[in-house]
Each structure stands twice: as C-alpha cells, then as structure tokens.
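Read off the chains here:
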Protein chains: 2
Amino acid sequence: MAASESTRPHRTALAAPARTGTCSTCGARAASVCSAIEDHDLSRLEAVAETVRMAPGTVFITEGEPADRFLNITSGTAKLFKLLPDGRRQITGFADVGRFLGLAAADQYGFSAEAIDAVTACRFSRARLGQLIHDAPQLEARLLRIASTELAAAQEQMLLLGRKTALERVASFLLERDASVPVCLGSGSGVSLPMTRTDIADYLGLTIETVSRTLSTLRTRGLISIDRPTEISILLPDRLRALAAGEG
Amino acid sequence: MAASESTRPHRTALAAPARTGTCSTCGARAASVCSAIEDHDLSRLEAVAETVRMAPGTVFITEGEPADRFLNITSGTAKLFKLLPDGRRQITGFADVGRFLGLAAADQYGFSAEAIDAVTACRFSRARLGQLIHDAPQLEARLLRIASTELAAAQEQMLLLGRKTALERVASFLLERDASVPVCLGSGSGVSLPMTRTDIADYLGLTIETVSRTLSTLRTRGLISIDRPTEISILLPDRLRALAAGEG
DNA sequence: CGACGTGTTGAAAGCTATCAAACTTAGTGG
DNA sequence: CCACTAAGTTTGATAGCTTTCAACACGTCG
C-alpha cells in the first residue's frame, strides 16, 4: 500500500496506513473527529493515541466487554454487528475511513466489530478522551454531531429492515455504498463491495441466496452490471433510486 | 407531579401536566436532560422554553421540515416514525416522559412525531439550545449520553427487525415496555400499551394480524394474560425473556 | 340500538428462507 | 502453465413464516 505506485487503479491512496503517531499527516484526519482539533492541539492527541493494525477477520470490539477504549478508523473497512445466542447476526453498519467507534453511554460495548479487510485505527482510552474533550471542548460538539448522524442512519436502516422488500433493500444498499466512497476514480458509478454476500445479507436482514438472486434480478432488468462479485456498476441510477425509495 | 392523591391506582400522577414555565416544579425534570441543569440556572431555562400541549393524533414533528426546534416530553407518549411514499410506516421508537426530541445533525428532521395520547412538552428553538449549552456546558455531555443511549437502542431494534421472529419481536416489545414504565403501582408485571395494534405492528415490522395472533399465542402458552387490549400482564417473565433473547 | 373503530380469528397467497447442487474465483502446488 | 482445492457465489426446488384478504367479535359513542 505504499503510495509510491501512483499508477495503480484502485483505492491505494486511501489504503495508505497512517504513520504511527503523526496526526498531522494522518490521511483520515479530514474525515474524522480529529478535524475538530486545532493543529496546535494535535501534538497532545498524538501523545495519547496509539496506532493499531488488524488483519482481516480480527474481532477488535466485543459486545458486552468493558467499553474502555475508543478508536478511529484510519484505513480499511470494519463490520459492526450484534449476535443472538443461536448465531443469528445483524450487522448494524460498516465503518470506513474516519469512522469513530466506541460511543457508548453504557459501561459495555453494545456491539462487536470485525475487520473486513486490513484495518488500521487510532486508539485511545476512555479516560484520555475525557482529557481531550477538556482540552478541546469543540470535540464534544463534534461527537454529538457524529452520534446524531449515526442515529439518523440507524433510523433509516430500521425503515429498511422493517418495511422494505428485498429488492428495495439491495437497491438502497448499493446507493448507500456508492455514496460512501469518498473520491473514487472516474469509473462512473462503480460500487466496490469489500464485504461478502454473507455480510450484505446480515446487514439487510436477508439470506445470501436472496441477496444473490436480487442482484441477478437487478442485472437482468438492466439497472446494474456485476463486473465481479466485489465490483458492481450502477447503470440506471434514477431507476435504482426510485426502487430504493419504495416507488419502484 | 402532585403526590397528594397517593391512593389512585393508575399513572395519573405522571399524567399531570407540567405547570407552564416553572421548571423547578416540572415533574419530568428528573427524567430529562434538564436534570443536568443546576437549580440556579433553571430560571434561564424557563425564560427560553414554552410549554405546548398536543391532542392525541397531533403530528408535531414532520420529517423533512426544518429542524429548528427541540422539545422535551413532560407527559404522555408520542410515536416517532418514518414513511415510504406508498404509506408504509416504520415506527422507530416511542417517546415517554423525559424524552428529548429533535436531535439532528442535518437541517431537517429525519423523522415525524405524533402524539398517541395527550402530550405536553417543553419547547425551545435550536438557537436557544446553543445558548443553554453555552451557559451550562454539562448539558452537551448529557445530550451526547442521550444520543449514545438512543443509538444503542436503535441497534438493538435493528437486530429485532432484521433477525428475530414475530414471537421474539413481540416478547421483546412487551419486556421493553415493562421496563420503561417508571414507578408503576404494585401490579406485578402489568404492561400498559397506550398505542394501538397498528402502532405496535409498525414498530415491530409486522402486520396487526400477526401482532394479534402472536399475543394470542403467548396467552395460550401461559406467558401472558391479556386483561384488556391496552393492558397486558406478564405471567412468566423468565420464559418471555428467553423468547425475546432468541432462546425460546 | 346501531354505527364505527379496533381487535381477533380463519383461509389462502406470496415473499423469503431453507435445502441442495453447480459454478466461479482465488490461491497453491505439481 | 495448469490441475487442484477451498471459499464464495449463483441458481434451482421446496418449505415455511408472515402477509393478504375476509369475516366476526368487542367496546364506545352518538
């Protein structure tokens, strides 16, 4: 992931790992809470944060464990989920670059988090977040804004899970993913899906078979093309949007 | 919240409307954000807040409209929901006494709110919330805590909507309602349901028929008794909890 | 008393899940 | 370079849970 190979087609720039402990050069800063911190306060942040790397499949937050740490994703994508005793899983969201994780009013994490691809993150303790907020009060307003945004997204997802059909769910998912990609290359509407069909199914409240069948239906209808399982192009965005909104 | 009539069976004490503009005697204060405000700051709060009364069925927040006001429920229960163009509805939550409404990072409300029974609330503008936070910074921490708690609840509801069966959903709902009743009378486990079956269905992602059938099933199995449509008793809380957790 | 809104129960249909098998992709080693 | 393996994906057939359509019961209220 060295940024030296600038001719590579994919998202290598975004995947560049943060240099350990140098917030001022952190590629995720602009997209994260840290943008709320002034330059002259960054040194203080560096002092309390550590950079961690997680291999794909690593569970780095476990529901029910003491919520004593926060992290900020600096590269890669993670899935956040909750489990039922018999193994049924609901993915509550995907966390990309800049996502702040660990917000919890309770003493325990309310969800688990697992790295999908290689994930790097900036980590610090709950106590130190308190320090940071004390030093930079605007951080708290920023966190409130983040929490509000996540809450709105959660409510939108409740609408999806409770009232949308499989076709509408998959359409919504593709558009959401499309919008989430920061500054992709000029591939038009190429949606990249680092997660498996199982992950998508557990996010949309469906089975992998239904996700696969639904994607095939969208392809047959000409709304999308499935270039590879992990790469989908949106051909008719307007019709896909209509579907996602429940007007299809 | 006059405690003078202590012999009355139901929640009449809670339903007593707040005296207009007197925060210091507001019955909802202890349960709301306002508990974060010191006594000597309350007069300032009174100056910027107005008390509003909504009749049952009143829609007092509409999705998509400018989010320029906040309110704090002082009595009654409201339903929060999102709609699809064809009328499908997802209720994202019920707001009881003390609930703070209007948190939104966006400029528009992300949901609508409608009074279920008679609702009274304390209302103030977004600009004035800024003033309040400026005067009482601990308010912001409190709001962050509230948002985090709501976020955790939303994630739990996503698990319910995406992965639980009708039986598990209804069991979860009854237990949630049971826990939400502040200090009910000593009726054991009497759950009061001010909302209709339609509301319950739209909250659980089911139809009214399925809700009704599922309640009947729970009654047949001896887990609950349906005293009235709006009043249900939990007879076997352990088995209901097991069901709700997905172990049933 | 009758109308109406709400809730309950029944029968059939539909969408998605489950079970099963073929196919594709990526990685490995001959 | 290609065969082989394992994981993931796609497609097919069937089953099941919930929805839909319909009728009846209950309680309120004019």
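Since we're looking at a predicted model, the values are computed, not measured.

A. Region of interest: the protein's contact with DNA strand C. By nearness alone, 16 residues border DNA strand C, and Ala166 and Thr210 of chain A together with Arg197, Arg213 and Ser216 of chain B come closest of all. Here, DNA strand C places atoms within 4 Å of the protein, and 66% of those atoms are sugar or phosphate. Note that a phosphate oxygen of DNA strand C is positioned 2.8 Å from one of the backbone N or O atoms of Ala166 of chain A. Residue Ser212 of chain B places a side-chain N or O atom 3.0 Å away from a phosphate oxygen belonging to DNA strand C. Every element with two or more residues in the surface near DNA strand C is listed here: helix H7 (208-220) of chain A together with helix H7 (208-220) of chain B. In terms of residues, the surface near DNA strand C owes the most to one element, H7 of chain B, which gives five residues. Across the surface near DNA strand C, the residue classes tally to three nonpolar, seven polar and six charged.

B. How the structure looks around the protein's contact with DNA strand D. Neighbouring DNA strand D are 16 residues, the closest being Arg197, Arg213 and Ser216 of chain A together with Ala166 and Thr210 of chain B. Counting only atoms of DNA strand D within 4 Å of the protein, the sugar-phosphate share comes to 63%. The backbone of Gly205 of chain B places a nitrogen or oxygen atom 3.5 Å from a phosphate oxygen of DNA strand D. Elements supplying a minimum of two residues to the surface near DNA strand D: H7 of chain A together with H7 of chain B. Looking at the surface near DNA strand D, the element that brings in the most residues is H7 of chain A, giving five residues.

C. Representation of the packing of helix H5 (residues 166-180) of chain B against helix H8 (residues 237-244) of chain B in the model. Residue and element names in this part refer to chain B. Where H5 meets H8, the axes come as close as 8 Å, and the angle between the chain directions of the two elements is 125°. Taken together, H5 and H8 sit at an angle that is classed as oblique. Crossing geometry of H5 relative to H8 is assigned as left-handed. Contact with H5, carried on its side by Leu167, Glu168, Ala171, Ser172, Leu174 and Leu175, involves Leu240, Arg241, Leu243 and Ala244 of H8 and no other residues of that element. A per-class count over the contact of H5 with H8 returns seven nonpolar, one polar and two charged.

D. Representation of the interface of chain B and chain A in the model. Residue-level contacts link 43 residues of chain B with 43 residues of chain A. Overall, the association of chain B and chain A removes approximately 3800 Å² of surface from exposure, summing both partners, and the carbon and sulfur fraction of that is 63%. Three residues stand out in chain B for area buried against chain A, namely Leu144, Met158 and Arg163 of chain B, and they jointly supply 20% of the buried area on that side. One salt bridge connects Arg88 of chain A with Glu168 of chain B, and the closest N-O pair in it is separated by 2.9 Å.

E. Highlighting the sheet that holds strand E3 (residues 69-75) of chain B. If you walk across this open sheet you meet the four strands as E1-E8-E3-E6 (chain B), and the pairing is antiparallel. Each of the sheet's edge strands pairs with one partner strand only, and the pair in question is strand E1 (50-54) and strand E6 (100-101) of chain B.

F. Representation of the relation of the copies chain B and chain A. After a rotation of 180° and a shift along the axis of 0.0 Å, chain B superposes on chain A with an RMSD of 0.0 Å. Taken together, the rotation angle and the small translation identify this as a two-fold axis. A shared interface surface links the copies, since 100% of the contact residues of chain B are contact residues in chain A too.

G. Quick peek at the environment of Asp41 of chain A. Within the secondary structure, Asp41 of chain A is located in helix H2 (residues 39-48). In sequence terms Asp41 of chain A and Ala136 of chain A are 95 residues apart; their C-alpha atoms lie 7.8 Å from each other.

H. Structural context of the environment of Glu150 of chain A. Looking at the element boundaries, Glu150 of chain A is found in helix H4 (residues 138-163). Each C-alpha atom, one on Glu150 of chain A and one on Gly93 of chain A, is 9.5 Å from the other, the two residues being 57 residues apart in sequence. Contact partners of Glu150 of chain A, with chain neighbours within four places excluded, come to Arg99 and Phe100 of chain A together with Leu151 of chain B.

I. Layout of the packing of helix H5 (residues 166-180) of chain A against H7 of chain A. Residues and elements named next belong to chain A. The interhelical angle for the contact between H5 and H7, taken along N-to-C directions, is 80°, at an axis separation of 10 Å. It follows that H5 is roughly perpendicular to H7 by the angle criterion. Contact residues: H5 offers Ala166, Leu167, Val170 and Leu174, while H7 offers Thr210, Thr214, Leu215, Thr217 and Leu218. A breakdown of the residues in the contact of H5 with H7 according to their chemical character gives six nonpolar, three polar and no charged.

Here is what the cut-offs are and how they apply
- Residues numbered from 1 in each chain as written.
- Chains lettered and ligands numbered in written order.
- Predicted model: local features only at pLDDT ≥ 70, side-chain atom pairs only at ≥ 80, totals over all residues.
- Heavy atoms only, no water.
- Near = heavy atom within 4 Å.
- Polar contact = N/O pair within 3.5 Å; in protein donor to acceptor, adjacent residues only side chain to side chain.
- Helix = DSSP H or I, 4+ residues; strand = E, 2+ residues; numbered from the N terminus.
- Nonpolar A, V, L, I, M, F, W, Y, C, P; charged D, E, K, R; others polar.
- Axes fitted to C-alpha atoms, helices over the stretch in contact; angles between N-to-C directions.
- Parallel < 35°, antiparallel > 145°, perpendicular 65-115°, else oblique.
- Left-handed = near helix turned anticlockwise from the far one by under 90°.
- Contact = heavy atoms within 4.5 Å.
- Buried area = accessible area lost by both parts, 1.4 Å probe.
- Salt bridge = Lys/Arg side-chain N within 4 Å of Asp/Glu carboxyl O.
- Pairing = 2+ DSSP bridges.
- Least-squares fit on C-alpha atoms with pLDDT ≥ 70 in both.

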